[in-house]
Amino acid sequence: MEVVVNRKGFEKFVRAIDKAVGGSVDGGKIEMTKNEMESIVVDAGHIFMVKGKLACMGKSDNIEIGIDTSKILKLLKLIKGETLTLKIDKGKLWLNDNVGIGLIDVSNEKIKEPKLNLDILAEADLSELHNIVKTGMNISDYCRFIAKDGKLVVEVEGDVDIIRFEVGEAQGEGKALYSLELLDLLLKGHNGKGVIEFATDNPLRVKIDDEKDFCVEYLLAPRIED
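Residues numbered from 1 in each chain as written. Predicted model: local features only at pLDDT ≥ 70, side-chain atom pairs only at ≥ 80, totals over all residues. Heavy atoms only, no water.

S.K.: How should I be thinking about the environment of A20 in this particular structure?
M.R.: For A20, the location among the structural elements is in helix α1 (residues 7–21). According to the relative accessible area criterion, A20 is buried, its value standing at 13%. Distance in space between the C-alpha atoms of A20 and K207 is 16 Å, their sequence separation being 187 residues. The residues touching A20, leaving out its near neighbours within four places in the chain, are V41, V42, D43, A44, F48 and V50. (Helix = DSSP H or I, 4+ residues; strand = E, 2+ residues; numbered from the N terminus. Buried < 20%, exposed > 50% of the residue type's maximum accessible area, 1.4 Å probe, protein only. Contact = heavy atoms within 4.5 Å.)

S.K.: It is not clear to me how the sheet that holds strand β9 (residues 99–102) should be interpreted in this structure. Could you clarify?
M.R.: Sheets are built from strands paired through backbone hydrogen bonds, the pairs being either parallel or antiparallel. The strand order across the open sheet formed by 5 strands is β5-β1-β7-β8-β9, and the pairing between neighbours is antiparallel. Sheet topology places β5 (57–59) and β9 at the edges, where each strand pairs with a single neighbour. Each strand axis lies, on average, 20° off the axis of its neighbour in the sheet, ignoring direction. Across the sheet, α1 lies against β1 (2–6), β7 (83–89) and β8 (92–95), angled at about 95° from β1, the strand it touches most. (Pairing = 2+ DSSP bridges. Axes fitted to C-alpha atoms, helices over the stretch in contact; angles between N-to-C directions.)

S.K.: So what exactly am I meant to see when it comes to the packing of aromatic side chains here?
M.R.: Think of a pair of aromatic rings as described by two things: how far the centres are apart, and how the planes are tilted against each other in angle. As enumerated under the stated definition, the model contains 2 aromatic pairs in all. On the basis of an interplanar angle of 90° and a centroid distance of 5.5 Å, the ring pair of F145 and Y178 is categorised as edge-to-face. Residue F145 is found in strand β11 (residues 142–148), and its partner Y178 is found in strand β14 (residues 174–179); the two are separated by 33 residues along the sequence. The pair formed by F145 and Y178 is uniform in burial state, with each residue classed as buried. Note on F145 and F198: the rings are 5.9 Å apart at their centroids and 80° apart in plane angle, and the pair reads as edge-to-face. (Phe/Tyr/Trp six-rings, centres within 6.5 Å; stacked < 30°, edge-to-face > 60°.)

S.K.: Is there a simple way to think about the pattern of salt bridges in this case?
M.R.: Evaluation of the coordinates by the stated rule reveals 13 salt bridges. The closest approach of N and O atoms between E11 and R7, which form a salt bridge, is 3.1 Å. Here the residue E11 and the residue R7 both occupy positions in helix α1, the gap between them amounting to 4 residues, near one helical turn. What makes E11 partly exposed here is its relative accessible area of 23%. Between K87 and D97 there is a salt bridge, and its shortest N-O distance comes to 3.0 Å. Linking K87 in strand β7 with D97 in the loop between β8 and β9, this pair joins segments that are 10 residues apart in sequence. (Salt bridge = Lys/Arg side-chain N within 4 Å of Asp/Glu carboxyl O.)

Okay, structure coming up:
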């Protein structure tokens, strides 16, 4: 099996997976074809899911491999250039024939994506949203997403302080609470626009397509208000 990918796209693909499985002995499972790489992983606490896709081009039968994402991100720093050749040979994932990283066993159990009816749709600037999230962590551990009157508002309320900012236009109405710490983790490293979907007391889905040939979806479980 051998495919060529965009190097930056591959790094973002692996980094997204690493948010859920970094440091785990189970690693991350990747399904590969000659045209696309895909991975769906969940964190150890089953609080959020990451679904990443990366376009590729080459010769490959459909194959599943297990990778140590944290190790790949460290060794990938040795590789230069805009494109990257990936090859599976003798139990290793090779990066440009320079770095061979041992594959790991992964569970044969396929992660099922939950069927959700998220009737609120919005678009937001990811850098702006991330800045609100990081700042909000100084006064609380959660934030509230509110869709009302065609606007998406993010509100962080502490014991004595509160911040509230409009971050985009929204279709539908409702509100839900989400962990600031996990939002900080999931939004880290992303810029540009992201599509946001949620519903009252339901998970938050963030769809991002900010690198050539790469896209990712994050699905974050809500916190239920007391």
